[in-house]
Structure formats: C-alpha cells, structure tokens
Amino acid sequence: MARALFAPCILSVSILGALFATGCARSPSSLAPHFTGSIGMPHRGVLTKAAELPREGEGYRLLVRNERHYATPRFVGVVERAAAKVARERPGAMLTVGDLSARHGGKISSHASHRTGRDGDLLLYMTTLEGAPITTTSFVHVGNDGLAFDEDRQRFLRFDVEREWILVKALVEDAEARVQWLFVSRPVRAMLIDWARARGEPGETILRAMDVMLEPGPPAQSHDDHIHVRIACDLDELAAGCEHTGPTRPWVMTPEPSLDDGPTTLDLVLSLVQPLSRDATAAR
Ligand SMILES: [Zn+2]
C-alpha cells in the first residue's frame, strides 16, 4: 500500500540521474490533483493550505515581521507547544523565531530548504555574562566556550543551555512533532548533551536528542546561532505528497512495506538519491 504512494515516481524515471532532474511530487498537478499541504522535499517542494504562526504567542516572538512564518498547521503547533513549555518551566523565557516558509512554499532567499512548511529557525536562548536571561534580538554566534558577541549591543552573552535544553526536550518528546532533524553546531550540541546527562535526564530523551542534533555540512552554515527544526512527514502528509528524506527514526511513523511488494528496491533507490549528507546540506 505504502509503495503505491511512490509508484508514479518509480515509473517516471529510468535512471537515477533522471530522478534528480525531474523529481516527483513537486506540486499539485493534473496527474496528482489531490496533493496538498507539505508537498515534496524541504529543499524542493511547495506548500498549500499553510497556517501562519501568530505574531505573538506564549513564550515566543518573531525575529522580524515578514511573510516567512507560514508552515503546515502541525509545524506551527510544534513551535507553539515547545515555546510555551519553556515559558511555563522558566517564566519569562522568550523564544525568538526566525524564518519558517513562505505562504505557498517554494524557494526563499538565504535558505536552501524551508520550502514545504516543515522547517523553521529558532534562535538560541541567551543570558548576560552574569546569567540574567535576555530575549535574543539577533543572530549571535556561540563559540566552543558558550560565549557569543552581540554586535548590536557590543557585549558578550552566554549561551543559556538550561532553557535551550528544555526546548530541545520539548521538541523530541512531542509525539506529534516527529522531529527529523535539529540542525545545530557541534559545540552547542555537546553543551546540551552534557547538560542533559549531568541533570540525569531520561536516557530515551537524550538518545533522541543525540540522534536528531546534527551540524550540517557545507554549504550550509554551521548553525552556531540558531537551531533549525525539521519535522518528518506524518502518514496523512505522505499520502498527500509529502516526501520523506533522511534516515527513518524509530519514533517517526513511516509506511511499512507490504509483504506483497517484494524486495525493497524503493528503499535502496531512496537511500541512493537522498543520502544523509544531501539531506543535511539542505539544512539552511
Ligand atoms: Zn533554517
């Protein structure tokens, strides 16, 4: 059954190169008029029936007010729930949200992905050097020592690993989110995992966080100034044109191959054309 979802893709290509050239499921068409929502892949796709992240909500604010805060309703809910969780556990905490997607998806400047309503940039929680929480108002690059220089205010800031971990935990424990990736720099990842271990956080949560947090390779930025969240398609979205990329997570529902479908040729093809590194380089 699941394989049938991809059958038009398989029939439309004879060689892998053609698959790269033509792709599949990019937009609703006369051949696939039912495609809706997050259609295609994060770096090559579109978005219909988008929801807009409200300009203000519990525990978050937008970095800038622009037309780049659209996503699937599910992704909007993911951001809202995670920000609210941090604000409830640490009153006053304010997550600064960067770009999501455009109303109809597709390419937006400065990003390779963000095209299908399943990606979003969340700036890092920061404190002053004295430890007073602040609301992040610009991208600041966090170094190996957890410090960052705020060009706007001409001051050093400290990465707030405590609040950031609450956010990461909320994301990876959110069953509806099905987090596929949290693209972030290696030092930030290491600080978060060290913090979680030191606090004795649940092993399953730490393992999930370790699994999804990844520093993307070039040409994407190292992501030392924000976390780029990408969620996987759910089953309804897969049926409606969403295309799965990257590894399959145990906590991410993906279609099971039918026993009648024979060898998993499709899995092999997908693994060849959507390798981990390719997914990661489309992180921006
Ligand atoms: Zn991004």
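These figures come from a predicted structure and were not determined experimentally.

**Overview of the overall build of the protein chain**
Part 1 of the reasoning: For the protein chain, the helix and strand inventory stands at nine helices and 15 strands.
Part 2 of the reasoning: Residues counted as buried form 51% of the 284 residues belonging to the protein chain.
Part 3 of the reasoning: Sequence separation of 24 or more characterises 72% of the internal contacts of the protein chain that already satisfy a separation of 6 or more.
Part 4 of the reasoning: Here the protein chain displays about 13000 Å² of accessible surface, and carbon together with sulfur accounts for 58% of that area.

**Regarding the coordination of the zinc ion**
Part 1 of the reasoning: With distances of 2.0 to 2.2 Å, the protein atoms coordinating the zinc ion are H114 (NE2), D121 (OD) and H228 (ND1).
Part 2 of the reasoning: Read N to C, the donor residues that coordinate the zinc ion are spaced as H-x6-D-x106-H. Of the two residues, D121 is situated in strand β8 (residues 119-123) and H228 in strand β15 (residues 226-231); the sequence distance between them amounts to 107 residues.
Part 3 of the reasoning: Residue D121 is classed as buried on the basis of its relative accessible area of 4%.

**Some remarks on the sheet that holds strand β11 (residues 147-150)**
Strand pairing within a sheet occurs via backbone hydrogen bonds; the two strands may be parallel or antiparallel.
Part 1 of the reasoning: Read from one edge to the other, the open sheet built from four strands follows the order β10-β9-β12-β11, with strand pairing classed as antiparallel. In this open sheet, the two strands that pair with only one neighbour each are β10 (133-134) and β11.

**Let's talk about the environment of Q221**
Part 1 of the reasoning: Residue position: Q221 is located in the loop between β14 (213-214) and β15.
Part 2 of the reasoning: Residues Q221 and V184, 37 residues apart in the sequence, show an inter-C-alpha distance of 9.2 Å.

**Notes on the pairing of β15**
Part 1 of the reasoning: Among the six residues that make up β15, six are buried, leaving the element largely enclosed by the rest of the structure.
Part 2 of the reasoning: Looking at chain direction, β8 and β15 are connected through five bridges and run antiparallel. What sits directly across from D121, in β15, is H228.
Part 3 of the reasoning: Summarising the sheet, strand β13 (residues 179-183) and β15 pair through four bridges and their orientation is antiparallel. For L182, the partnering residue across the bridge sits in β15 and is V229.

**A few points about the pairing of strand β12 (residues 155-159)**
Part 1 of the reasoning: Note that strand β9 (residues 126-128) and β12 share three bridges and pair antiparallel. Its bridge partner being in β12, T128 is matched across the sheet by L157.
Part 2 of the reasoning: Of the pairings in the sheet, the one linking β11 to β12 comprises four bridges and is antiparallel in character. Within the sheet, the bridge partner assigned to F149 lies in β12 and is F156.
Part 3 of the reasoning: If you look at the hairpin formed by β11 and β12, you'll find four residues sitting between the two strands, and Q154 has a positive phi there, around 50 degrees.

**Section: the environment of F159**
Part 1 of the reasoning: If you trace the backbone, F159 turns up in strand β12.
Part 2 of the reasoning: Along the backbone, F159 and M126 are 33 residues apart, and their C-alpha atoms lie at a distance of 4.7 Å.
Part 3 of the reasoning: The contacts of F159, once residues within four sequence positions are left out, are L124, Y125, M126, V142, G146, E164, V188, M191 and L192.

**Section: the confidence of the model for the protein chain**
Detailed reading of predicted coordinates is not advised where the pLDDT is low.
Part 1 of the reasoning: When pLDDT is averaged along the protein chain, the result is 83; 76% of the residues meet or exceed 70.
Part 2 of the reasoning: A low-confidence stretch, residues 256-278 (pLDDT under 50), is modelled with 27 contacts involving residues beyond four sequence positions or located in other chains.

**A few points about unusual backbone geometry**
Part 1 of the reasoning: Within the chain, S110 stands out as a residue other than glycine whose phi angle is a positive 75 degrees.
Part 2 of the reasoning: Within the element layout of this structure, S110 appears in the loop between β7 (95-97) and β8.
Part 3 of the reasoning: Looking at S110, the relative accessible area reads 56%, which means it is exposed.
Part 4 of the reasoning: Not every positive phi belongs to a glycine, and Q154 is a case in point at roughly 50 degrees.
Part 5 of the reasoning: By the element assignment, Q154 lies in the loop between β11 and β12.

**Points about the nonpolar core**
Part 1 of the reasoning: Counting residues in each nonpolar core, the largest one holds 51 residues, and the members touching the most others are V97, M126, L171 and L182.
Part 2 of the reasoning: The element contributing the most residues to this core is helix α4 (residues 161-173), with eight residues.
Part 3 of the reasoning: For V97, the residues in contact, after removing those within four places along its chain, are L53, Y60, R61, L62, L63, H69, V79, D121 and L122.

**Regarding helix α5 (residues 186-198)**
Part 1 of the reasoning: For α5, which comprises 13 residues, the first-to-last C-alpha distance of 18 Å matches the rise-based estimate of 18 Å (1.5 Å per residue) to within 8%.
Part 2 of the reasoning: Packed against the buried residues of α5 are β12, α4, α6 (203-212) and β14.

Scoring rules and cut-offs
Residues numbered from 1 in each chain as written. Predicted model: local features only at pLDDT ≥ 70, side-chain atom pairs only at ≥ 80, totals over all residues. Heavy atoms only, no water. Helix = DSSP H or I, 4+ residues; strand = E, 2+ residues; numbered from the N terminus. Buried < 20%, exposed > 50% of the residue type's maximum accessible area, 1.4 Å probe, protein only. Contact = heavy atoms within 4.5 Å. Areas by Shrake-Rupley, 256 points an atom, 1.4 Å probe, with all protein chains shown as cover. Donors = N, O, S within 2.8 Å, 3.2 Å for Na, K, Ca; no water. Pairing = 2+ DSSP bridges. pLDDT = per-residue confidence, 0-100. Core = buried A, V, L, I, M, F, W, Y, C linked by side-chain atoms within 4.5 Å. Expected span 1.5 Å × (residues − 1).

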